[in-house]
Amino acid sequence: MHLPALLVSLLAVGVVATLGGLASASAAEEYQRLDQPSWAPPSWVFGPVWTALYVLMAVAAWLVWRAQPSWRNPAIVLYGVQLLLNLAWSPLFFGLEWRGLALVDIIVLDLAVAATIVLFWRANRLAATLLIPYLAWILFATALNYSVWMLNN
C-alpha cells in the first residue's frame, strides 16, 4: 500500500502549506487593502480551497509513487519542482510585495503543473485527474495576480 509514501506526500504538502502560511501571516489584511477586480474572492475562501487542493495533490503524488516508486521518476521530480514554485509565491507576493515576480512565478507554476499532469497521466490517470482542480485554481489565481498587479502599479 506504500503507507510511508502517503505520509511523506502529506508531510511535503503540509510543509509547503505551513511555510506559505507563515510567509503570508498578514495576508488577509493585506489582501483587503489591495485594489482588486470585482471578481476577486473574499480572503476567507483561500484557506478551505488550498486545504482541499493540498490533500488532492498529496494523494495524486502518492498514486504516482505507487505506480513508479523512485525519487528519480520524472513525474515525481517535476511534482517537487512545482511544489517549490508554489512555496515561493506567497513570500514573493505578500512577504516581499514583489507582485511582478510573483506573477512570473505563478505563470511558471501553471506550466509546471500542466506538465506534471501530463507525466502523472502516463503513470496513473486518477492522479492526473486529481491535479486538474489545482491547475484550474492556479490559472484563476494567475489572472487574479495579474489584475491585482495591474491595479496596484
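What you see is a predicted model; the values in this text were computed from it and never measured.

## A word on the overall build of the protein
Here is step 1 of the chain: Looking only at helices and strands, one finds 7 helices and 0 strands in the protein.
Here is step 2 of the chain: Its C-alpha atoms give the protein a radius of gyration of 16 Å, within 12% of the compact-globule value 15 Å for 153 residues.
Here is step 3 of the chain: By its C-alpha atoms, the protein is 45 × 25 × 25 Å across when sized along the principal axes.
Here is step 4 of the chain: Of all 153 residues assigned to the protein, the portion counted as buried reaches 44%.
Here is step 5 of the chain: At a minimum sequence separation of 6, the contacts of the protein that also span at least 24 residues come to 75%.
Here is step 6 of the chain: Carbon and sulfur atoms provide 72% of the accessible area of the protein, an area that totals close to 8,100 Å².
Here is step 7 of the chain: A distance of 22 Å separates the average location of the 6 positive side-chain charges in the protein from that of its 6 negative side-chain charges.

## Side note on the packing of aromatic side chains
Here is step 1 of the chain: Applying the stated criterion across every chain yields a total of 12 aromatic pairs.
Here is step 2 of the chain: The interplanar angle of 35° and the centroid separation of 5.1 Å between the aromatic rings of Trp50 and Tyr54 together place this pair among those described as tilted. In this pair, Trp50 and Tyr54 both sit in helix 3 (residues 46-67), 4 residues apart, roughly one turn of the helix.
Here is step 3 of the chain: What makes Tyr54 buried here is its relative accessible area of 11%.
Here is step 4 of the chain: When the ring of Trp50 is compared with that of Tyr134, the centres are 5.9 Å apart and the planes differ by 70°; the resulting orientation is edge-to-face. You can see Trp50 sitting in helix 3 and its partner Tyr134 sitting in helix 7 (residues 132-151), a full 84 residues away along the chain.
Here is step 5 of the chain: Among the aromatic residues, those joined into a ring-pair cluster are Tyr31, Trp39, Phe46, Trp137 and Phe140.
Here is step 6 of the chain: Here Arg66 stacks its cationic end above the ring of Trp62, 4.8 Å away from the centre of that ring.
Here is step 7 of the chain: The side chain of Arg99 reaches across the aromatic face of Phe93, ending 4.7 Å from its centre.

## What about the nonpolar core?
Here is step 1 of the chain: The biggest cluster of nonpolar side chains holds 49 residues, and the ones touching the most others in it are Met57, Phe120 and Tyr134.
Here is step 2 of the chain: Listing elements by their share of this core, those giving two or more residues are helix 1 (3-23), helix 3, helix 4 (74-95), helix 5 (99-123), helix 6 (125-130) and helix 7.
Here is step 3 of the chain: It is helix 3 that provides the largest number of residues to this core, a total of 11 residues.
Here is step 4 of the chain: Aside from chain neighbours lying at most four places away, what touches Phe120 is Ala60, Ala61, Val64, Ala75, Tyr79, Arg125, Ala127, Ala128 and Leu131.

## Brief notes about the UniProt feature "transmembrane region" (unreviewed entry) in the protein
Here is step 1 of the chain: With numbering matched to this structure, UniProt assigns "transmembrane region" (unreviewed entry) to residues 44-64, 76-94, 100-121 and 128-149.
Here is step 2 of the chain: Across residues 128-149, helical content stands at 95% and strand content at 0%; the span's end C-alpha atoms are separated by 31 Å.

## Quick look at the environment of Pro69
Here is step 1 of the chain: Secondary-structure assignment places Pro69 in the loop between helix 3 and helix 4.
Here is step 2 of the chain: Separated by 51 residues in the primary sequence, Pro69 and Phe120 place their C-alpha atoms 13 Å from one another.

## Focus on the side chain of Thr116
Here is step 1 of the chain: Relative to the helices and strands, Thr116 is located in helix 5.
Here is step 2 of the chain: Filtering out sequence-adjacent residues up to four positions away, Thr116 remains in contact with Ala75, Leu78, Tyr79, Gln82 and Leu131.

## Some remarks on the packing of helix 5 against helix 7
Here is step 1 of the chain: Look at helix 5 against helix 7: their axes get within 9 Å of each other, and the N-to-C directions meet at 160°. One way to sum up the angle between helix 5 and helix 7 is to call them roughly antiparallel. Considering only the axes of helix 5 and helix 7, their crossing is left-handed. Residues Arg99, Gly100, Ala102, Leu103, Ile106, Ile107, Leu109, Asp110, Val113, Ala114 and Ile117 of helix 5 form the contact with helix 7, whose own contacting residues are Ile132, Tyr134, Leu135, Ile138, Leu139, Ala141, Thr142, Asn145, Tyr146, Val148 and Trp149.
Here is step 2 of the chain: Of the residues contributing to the contact of helix 5 with helix 7, the split by class is 17 nonpolar, 3 polar and 2 charged.

Rules of the game
- Residues numbered from 1 in each chain as written.
- Predicted model: local features only at pLDDT ≥ 70, side-chain atom pairs only at ≥ 80, totals over all residues.
- Heavy atoms only, no water.
- Helix = DSSP H or I, 4+ residues; strand = E, 2+ residues; numbered from the N terminus.
- Rg over C-alpha atoms; globule rule 2.2 N^0.38 Å.
- Buried < 20%, exposed > 50% of the residue type's maximum accessible area, 1.4 Å probe, protein only.
- Contact = heavy atoms within 4.5 Å.
- Areas by Shrake-Rupley, 256 points an atom, 1.4 Å probe, with all protein chains shown as cover.
- Lys, Arg positive; Asp, Glu negative; His and termini not counted.
- Charge placed at Lys NZ, Arg CZ, Asp CG, Glu CD.
- Phe/Tyr/Trp six-rings, centres within 6.5 Å; stacked < 30°, edge-to-face > 60°.
- Lys NZ or Arg CZ within 6 Å of the ring centre and 35° of its normal.
- Core = buried A, V, L, I, M, F, W, Y, C linked by side-chain atoms within 4.5 Å.
- UniProt positions renumbered as here; feature names shortened; annotations may be inferred.
- Axes fitted to C-alpha atoms, helices over the stretch in contact; angles between N-to-C directions.
- Parallel < 35°, antiparallel > 145°, perpendicular 65-115°, else oblique.
- Left-handed = near helix turned anticlockwise from the far one by under 90°.
- Nonpolar A, V, L, I, M, F, W, Y, C, P; charged D, E, K, R; others polar.

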